[in-house]
Amino acid sequence: LTWAGDLYARSAYVLNCSGTSWEAENAFLQGLTPVSQVRDLVASVPAPNDLSVHVRMVGGAKDAHLSYESTDNWTEESQAEIGFWRNKSHFSAFLKRVEALRAQGEADRIFVAADTPEAYRAFKATFGGSAVHLHRELYDRSSEQLAYALADAILLGRAPRLLGSTWSSFTELALRLAPAPLAHEMSGKDF
């Protein structure tokens, strides 16, 4: 890059160029201060937690009726790939892995961020008060929901271990915002 001015790039993928790096981008993101609404949401969730879990199962052809999951947003191949990974990220896969970690004494307190109320109910039914989450009634792309989403991403990065959803930029954001490197496992790959 020889351009002396600013460069704006929008991509679905991490840039691989001499003008930036994963570390520099993460340092920039971690240096930002969330607005008070987001800080208050983060403070409302009990901490510390041993494990954080990000369940991203909405997407693919089954959810194409949602405007943000519409087939107008990507190719058929991309829609199929999203569906494949969302199926691998069903909350039941996470429940099994968390149960194994709990049996080893490694997940006494769990923070959960999910994209469906069913996932939250399943974690609460299985783990009771050991599983906490940011309570919401919103599952859309509204500006209010975006505040909850940022708070979730921050909270996901606060536990020493993360179970993430493969093919989710939200899991990637949680890893980027984490104040320290996280041990992490990805759905469909590691469990």
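Placed above this text is the structure.
Computed from a prediction, not measured in an experiment: that's the story for all the values here.

1. Observations concerning the pairing of strand S2 (residues 110–114)
Looking down a regular strand, the side chains alternate between one sheet face and the other. Among the 5 residues of S2, 5 are classified as buried, and the element is accordingly described as predominantly covered. Alternating positions in S2 separate into two faces, Ile110, Val112 and Ala114 on one and Phe111 and Ala113 on the other, with burial throughout. Judged from the 5 bridges that link them, strand S1 (residues 51–55) and S2 form a sheet pairing that is parallel. Directly across from histidine 54, in S2, lies its bridge partner alanine 113. Bridging between S2 and strand S3 (residues 131–132) involves 2 bridges; their strand directions are parallel. Opposite phenylalanine 111, over in S3, you have valine 132 as the bridge partner. Handedness of the S2-helix H5 (residues 117–127)-S3 crossover: right-handed.

2. So, the sheet that holds strand S5 (residues 183–186)
Spatially, S3-S2-S1-S4-S5 is the arrangement adopted by the 5 strands of the open sheet, whose pairing is parallel. The outermost strands of the open sheet, each flanked by one partner alone, are S3 and S5. Bridge analysis of S1 against strand S4 (residues 161–164) gives 2 bridges, and the strand direction is parallel. Bridged to valine 53 within S4 is leucine 163. Those strands touched by helix H7 (residues 169–177) are S1, S4 and S5, and its axis lies near 165° from that of S4.

3. Describing the packing of helix H6 (residues 143–156) against H7
Two numbers describe how H6 lies on H7: the axes approach to 7 Å, and their chain directions differ by 55°. As judged from the angle between their axes, H6 and H7 are oblique. Seen along the crossing, H6 lies across H7 with a hand that is right-handed. Residue-level inspection shows Ala149, Leu150, Asp152, Ala153, Ile154 and Leu156 of H6 in contact with H7, the latter providing Phe170, Leu173, Ala174 and Leu177. Looking at side-chain class alone, the contact of H6 with H7 contains 9 nonpolar, no polar and 1 charged residues.

The rules behind these values
Per chain, residue numbering runs from 1 following the sequence as it is written. Local features in this predicted model are restricted to residues of pLDDT 70 or higher, and side-chain atom pairs are both shown and tallied only at a pLDDT of 80 or more, whereas totals for entire chains, interfaces and linings draw on every residue. Water and hydrogen atoms play no part in the side-chain values, which are based on all heavy atoms of the structure. Burial classification: accessible surface area is computed with a 1.4 Å probe over protein chains only, and a residue below 20% of its type maximum counts as buried, one above 50% as exposed, and the rest as partly exposed. Comment: elements are numbered from the N terminus, with helices defined as DSSP H or I runs of at least four residues and strands as E runs of at least two. Should DSSP find at least two bridges between two strands, the strands are regarded as paired. With the strands pointing away from the viewer, any crossover whose connection runs clockwise from the first strand over the helix to the second is right-handed. Note on contacts: a residue pair qualifies if any of its non-hydrogen atoms lie within 4.5 Å across the two residues. A fitted line through C-alpha atoms serves as each axis, taken over the contacting stretch for helices, and the angle formed by two N-to-C directions is quoted from 0 to 180°. With respect to orientation, any angle under 35 degrees is reported as roughly parallel, any angle over 145 as roughly antiparallel, any angle of 65 to 115 as roughly perpendicular, and every other angle as oblique. The handedness criterion is simple: a crossing whose near helix is rotated anticlockwise from the far helix by less than a right angle is left-handed, and one whose near helix is rotated clockwise is right-handed. Charged residues are taken to be Asp, Glu, Lys and Arg, nonpolar residues to be Ala, Val, Leu, Ile, Met, Phe, Trp, Tyr, Cys and Pro, and polar residues to be all remaining types, Gly included.

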